[in-house]
Amino acid sequence: MSASARSHAPHPSAASAAGPPGGTGRGRGVLEGAFALLEALRREGAEAGVTELALACGVPKATVHRLLDQLSALGAVERRGARYRLGAELYRIGQAWQPHPGLRAAARLPLHRLRTATGASVVLTVLHEDLALTVSSVPGAVEPVLPVRNGSGFRLDTAAGRALRGPARPGPVLDREDLLPGVCCAALPVRAPDGAVVAALAALVPTGQALEHLAQGVAQAGAAITRGLARGPRRPAALPPALPPGLLR
């Protein structure tokens, strides 16, 4: 099935969007319908109208319109004229997702340092269903040929995917224009302190750069992430003590 055909196939849970009358079944059906709409908007990648979303989800336009109104009131969807897109509130909530405790916080500085040292576009991916899902990224040298963005996915036969599943032999997984002409990649698993693979770190550069040197930088960044995980998730800084009432006047 082509990508365009998949994007307009009804969501498997969309048929129950209206749900049976009364009871928890109806509540579940409404939730499934709402998530089907959010997934359809994600697949569209930009904005979509009620008719497009009704076709994508396989539900009546009146149901789609009602659910979009409710999602808009909650900030999960934003309306621009007659078209809709994913909302900022949904993004804010999604940023709290942690694929592994403390992983994104531990990776933040090593990813930026790797980008500064090599110029590469850098991604941190985790296994999600049948994809290497990007959970942290720093754009670099391969923009705009291959943009790297949080939430984008790589196939499991790419360097990032193979590193995530555990390479067949020790050392980096190198991609020499296998994913895209003109783009090369070095990837390595990222391990928790107990040795378990929790993510894969990949650096993408234009063809012509020495991948062995790039892989050394990836290994150093991966080791820094592991050390950060060993220190454990950092708690937010404590708020300053309240001011005495007299100072507030």
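Residues numbered from 1 in each chain as written. Predicted model: local features only at pLDDT ≥ 70, side-chain atom pairs only at ≥ 80, totals over all residues. Heavy atoms only, no water.

### Some thoughts on the overall build of the protein chain
Threshold: Helix and strand definitions here come from DSSP, where helices need a minimum of 4 consecutive H or I residues and strands a minimum of 2 consecutive E residues; each element is numbered from the N-terminal end. Using a 1.4 Å probe on the protein chains alone, a residue whose accessible area is under 20% of its type maximum counts as buried, one over 50% counts as exposed, and one in between counts as partly exposed. It only takes one pair of heavy atoms within 4.5 Å for two residues to be counted as in contact. Methods summary: accessible areas were calculated by the Shrake-Rupley approach with a probe of 1.4 Å, and residue burial reflects only the protein chains presented.
Each helix and strand in the protein chain was counted, giving eight helices and nine strands. By residue count, 37% of the 249 residues in the protein chain fall in the buried class. Contacts spanning at least 24 positions in sequence make up 51% of the contacts within the protein chain whose residues lie at least 6 apart. Counting only carbon and sulfur atoms, one obtains 59% of the accessible surface of the protein chain, whose full area is about 14,300 Å².

### What about the nonpolar core?
What tends to happen in soluble globular proteins is that the nonpolar side chains get buried as a cluster. Applicable threshold: Here, nonpolar core refers to any group of buried Ala, Val, Leu, Ile, Met, Phe, Trp, Tyr and Cys residues whose side-chain atoms link them within 4.5 Å.
Judged by nonpolar contacts, the single largest core of 29 residues is most densely connected at L103, L111, L124, L201 and I225. In terms of residue count, the dominant contributor to this core is helix 8 (residues 211-231) (seven residues). Leaving out residues up to four positions away in the same chain, I225 has contacts with L103, A106, A107, P110, L111, L124, V190 and L201.

### Examining the sheet that holds strand 2 (residues 77-80)
Heads up, the rule is: Here the rule is simple: two strands pair whenever DSSP picks up at least two bridges between them. Only the stretch in contact is used when fitting a helix axis, every axis being a line fitted to C-alpha atoms; angles between N-to-C directions are given from 0 to 180 degrees.
Spatially, 1-3-2 is the arrangement adopted by the three strands of the open sheet, whose pairing is antiparallel. With partners counted over all chains shown, the strands left at the sheet margins are strand 1 (48-49) and strand 2, one partner each. Looking at chain direction, strand 1 and strand 3 (residues 83-86) are connected through two bridges and run antiparallel. Residue pairing across strands places A48 opposite Y84, the latter belonging to strand 3. Each of strand 2 and strand 3 touches helix 4 (residues 61-74); the most contacted strand, strand 3, lies at about 50° to it.

### Points about the side chain of S121
Keep this limit in mind: In protein, a polar contact means a hydrogen-donor-capable atom and an acceptor-capable atom, both N or O and within 3.5 Å, with residues adjacent in sequence counting only if both atoms are side-chain atoms; elsewhere, any N or O pair within 3.5 Å suffices.
Among the secondary structure elements, S121 is positioned in strand 4 (residues 121-128). Overall, the relative accessible area of 0% leaves S121 in the buried class. Only 3.5 Å separates the side chain of S121 from the backbone nitrogen of A141, close enough to count as a polar contact. Not counting the four nearest positions on each side in its chain, S121 is found in contact with V138, P139, G140, A141, V142, E143, V148, A202, A203 and L204.

### Describing helix 3 (residues 50-57)
Rules: This arc is taken over the directions from the axis of the helix to the C-beta atoms.
V50, L53, A54, A56 and C57 are the residues of helix 3 that are buried. Along the axis of helix 3, the buried positions cluster into a sector of 165°, meaning they face one direction only. Looking one or two residues past helix 3, G58 carries a phi angle of roughly 70°, positive in sign.

### Details of the sheet that holds strand 7 (residues 173-180)
Here we have six strands laid out as an open sheet, ordered 6-5-4-9-8-7, and antiparallel in their pairing. The sheet is open, and its two borders are formed by strand 6 (153-154) and strand 7, each paired with just one other strand. As judged from the two bridges shared by strand 5 (residues 131-138) and strand 6, these two strands associate in the antiparallel manner. Each bridged residue has a counterpart across the sheet, and for L133 the counterpart in strand 6 is G153.

### Here's the deal with the confidence of the model for the protein chain
Which entries qualify depends on this criterion: Confidence of the predictor at the level of single residues is captured by pLDDT, which takes values from 0 to 100.
Across the protein chain, pLDDT averages 83, with 82% of residues at or above 70. Between residues 1-24, whose pLDDT stays under 50, and residues either more than four places distant or in other chains, the model counts 35 contacts. Low confidence marks residues 242-249, where pLDDT is under 50. Its contacts with residues over four positions away, or in another chain, come to one contact.

### Details of the environment of A107
Positionally, A107 belongs in helix 6 (residues 103-118). Since its relative accessible area comes to 0%, A107 is described here as buried. Taking the C-alpha atoms as reference points, A107 and L229, separated by 122 residues in sequence, lie 8.9 Å from one another. Look past the residues within four positions of A107 in its chain and what remains in contact with it is L124 and I225.

### What to know about the packing of helix 6 against helix 8
The axes of two packed helices give the description: the angle between them and the distance between them. How we decide: Should an angle fall under 35 degrees it is taken as roughly parallel, and over 145 as roughly antiparallel, whereas 65 to 115 is taken as roughly perpendicular and any remaining angle as oblique. Handedness of each helix crossing follows the sense of rotation of the near helix against the far helix: counterclockwise by less than a right angle gives left-handed, clockwise gives right-handed. Residue polarity is assigned by list, with Asp, Glu, Lys and Arg as charged and Ala, Val, Leu, Ile, Met, Phe, Trp, Tyr, Cys and Pro as nonpolar; anything else, Gly included, falls into the polar class.
Between helix 6 and helix 8, the shortest axis-to-axis distance is 8 Å and the interhelical angle comes to 155°. Relative to helix 8, helix 6 is oriented roughly antiparallel. Considering how the two elements wind past one another, helix 6 and helix 8 form a crossing that is right-handed. Of the residues in helix 8, those touching helix 6 at L103, A106, A107, P110, L111, L114 and T118 are L214, G217, V218, A221, A224, I225, G228 and L229. Taken together, the residues that form the contact of helix 6 with helix 8 break down as twelve nonpolar, three polar and no charged.

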